[in-house]
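# Examining the three-dimensional arrangement
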Amino acid sequence: QNPRVIAGCLVTHGDQVLLCRRAIEPRRNFWTIPAGFLENGETLAEGAMRETWEEAAAKVELDELYGVFNLTHIHQIYVFYRGRLLDGRYGVGEESLETRLFAESEIPWDELAFPTVHKTLRYYFEDRRSGHFPLRVRDIPRRG
């Protein structure tokens, strides 16, 4: 058995980030970055763009790879790109209840679905202030 790979994209538009409120379990009703399981035959970038389209009806131009999170306790690896919303349009996909652009001061920190989302957003806003966006590779241990 091998770990599952989750590909996603931290979508930005100006000084805002695009988040999706989950319509599915786990963590239904919580906010997340558009992401999902990589499919056979697609690259990480293709998976990130597909998931962004499926969850947020958003077309993006990908920037560099931004975060890799190892969650060995649940056999998953999360891989996030940074990307820019191409035409300013987004919507609601099948796995989302709603989507919205958030400024840093508006992020619903207590309503984020997963530790990977929380860490990615914290890193992004910190990096945006410095103007330097290094690749982050982190292990996320089991909670509690």
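Look up: the structure comes first, before these words.
All figures in this text were calculated on a predicted structure; none of them were measured in a lab.

Of the regular secondary structure elements, the protein holds two helices and eight strands. Scanning the protein from its N terminus toward the C terminus, one meets helices and strands in the order β-β-β-β-α-β-β-β-α-β. In terms of overall dimensions, the protein is globule-like: its C-alpha atoms have a radius of gyration of 14 Å, near the 15 Å expected for 144 residues. Along the first, second and third principal axes, the C-alpha set of the protein runs to 40 × 35 × 30 Å. Here the protein holds 144 residues, and 47% of them are scored as buried. Pairs at least 24 residues apart make up 69% of the contacts formed inside the protein by residues separated by at least 6 positions. Of the roughly 7800 Å² that the protein leaves accessible, carbon and sulfur atoms contribute 48%. Here the protein contributes 19 positive and 22 negative side-chain charges, whose respective centroids are spaced 4 Å apart.

So, on to the side chain of Thr-99. With respect to the helices and strands, the residue Thr-99 is situated in strand β7 (residues 96–102). A polar atom in the side chain of Thr-99 sits 2.6 Å from the backbone oxygen of Gly-91. Apart from the residues within four sequence positions on either side, Thr-99 is in contact with Leu-18, Leu-19, Cys-20, Trp-31, Glu-55, Ala-56, Tyr-90, Gly-91 and Val-92.

What follows is about helix α1 (residues 44–56). The end-to-end C-alpha distance of α1, which contains 13 residues, comes to 18 Å, matching closely the 18 Å that a straight helix rising 1.5 Å per residue would cover. Turning to α1, its buried residues number three or more, namely Gly-47, Ala-48, Arg-50, Glu-51, Thr-52, Glu-55 and Ala-56. On its buried face, α1 sits against β1 (4–13), β2 (16–22), β4 (35–37), β5 (60–71), β6 (76–85) and β7. Ala-57 occupies a position one or two residues after α1 and carries a positive phi of about 45°.

Taking 1.5 Å of rise per residue, the 16 residues of helix α2 (residues 115–130) would be expected to cover 22 Å, and the 23 Å separating its terminal C-alpha atoms lies within 8% of that figure. Looking at α2, one finds that the buried residues are Thr-116, Val-117, Thr-120, Leu-121, Tyr-123, Tyr-124, Phe-125 and Asp-127. Residues of α2 that are buried make contact with β1, β2, β3 (31–32), β5, β6 and β8 (136–139).

With six of seven residues buried, β2 lies mostly within the body of the structure. Pairing between β1 and β2: two bridges, direction antiparallel. Each residue of the ladder has a partner; that of Thr-12, found in β2, is Val-17. Here β1 folds back onto β2, and the loop between the two strands holds two residues, one of which, Gly-14, carries a positive phi near 65°. In the sheet, β2 pairs with β3 via two bridges, with the strands oriented antiparallel. Following the sheet pairing, Cys-20 is matched in β3 by Thr-32.

The subject of this paragraph is the environment of Ala-103. Tracing the sequence through the fold places Ala-103 in the loop between β7 and α2. Assessed through its relative accessible area of 17%, Ala-103 is described here as buried. Those residues in contact with Ala-103 that sit more than four places away from it in its chain are Asp-15 and Gln-16.

Let us look at the packing of aromatic side chains. Summed over all chains, the structure comprises six aromatic pairs. One aromatic cluster in this structure is built from Tyr-66, Tyr-124, Phe-125 and Phe-133. The aromatic ring of Phe-30 is capped on one face by Arg-27, whose charged end is 3.8 Å from the ring centroid. A cation over a ring is seen here: Arg-82 above Phe-133, with NZ or CZ 3.8 Å from the ring centre.

Cut-offs used in this document
Residues numbered from 1 in each chain as written. Predicted model: local features only at pLDDT ≥ 70, side-chain atom pairs only at ≥ 80, totals over all residues. Heavy atoms only, no water. Helix = DSSP H or I, 4+ residues; strand = E, 2+ residues; numbered from the N terminus. Rg over C-alpha atoms; globule rule 2.2 N^0.38 Å. Buried < 20%, exposed > 50% of the residue type's maximum accessible area, 1.4 Å probe, protein only. Contact = heavy atoms within 4.5 Å. Areas by Shrake-Rupley, 256 points an atom, 1.4 Å probe, with all protein chains shown as cover. Lys, Arg positive; Asp, Glu negative; His and termini not counted. Charge placed at Lys NZ, Arg CZ, Asp CG, Glu CD. Polar contact = N/O pair within 3.5 Å; in protein donor to acceptor, adjacent residues only side chain to side chain. Expected span 1.5 Å × (residues − 1). Pairing = 2+ DSSP bridges. Phe/Tyr/Trp six-rings, centres within 6.5 Å; stacked < 30°, edge-to-face > 60°. Lys NZ or Arg CZ within 6 Å of the ring centre and 35° of its normal.

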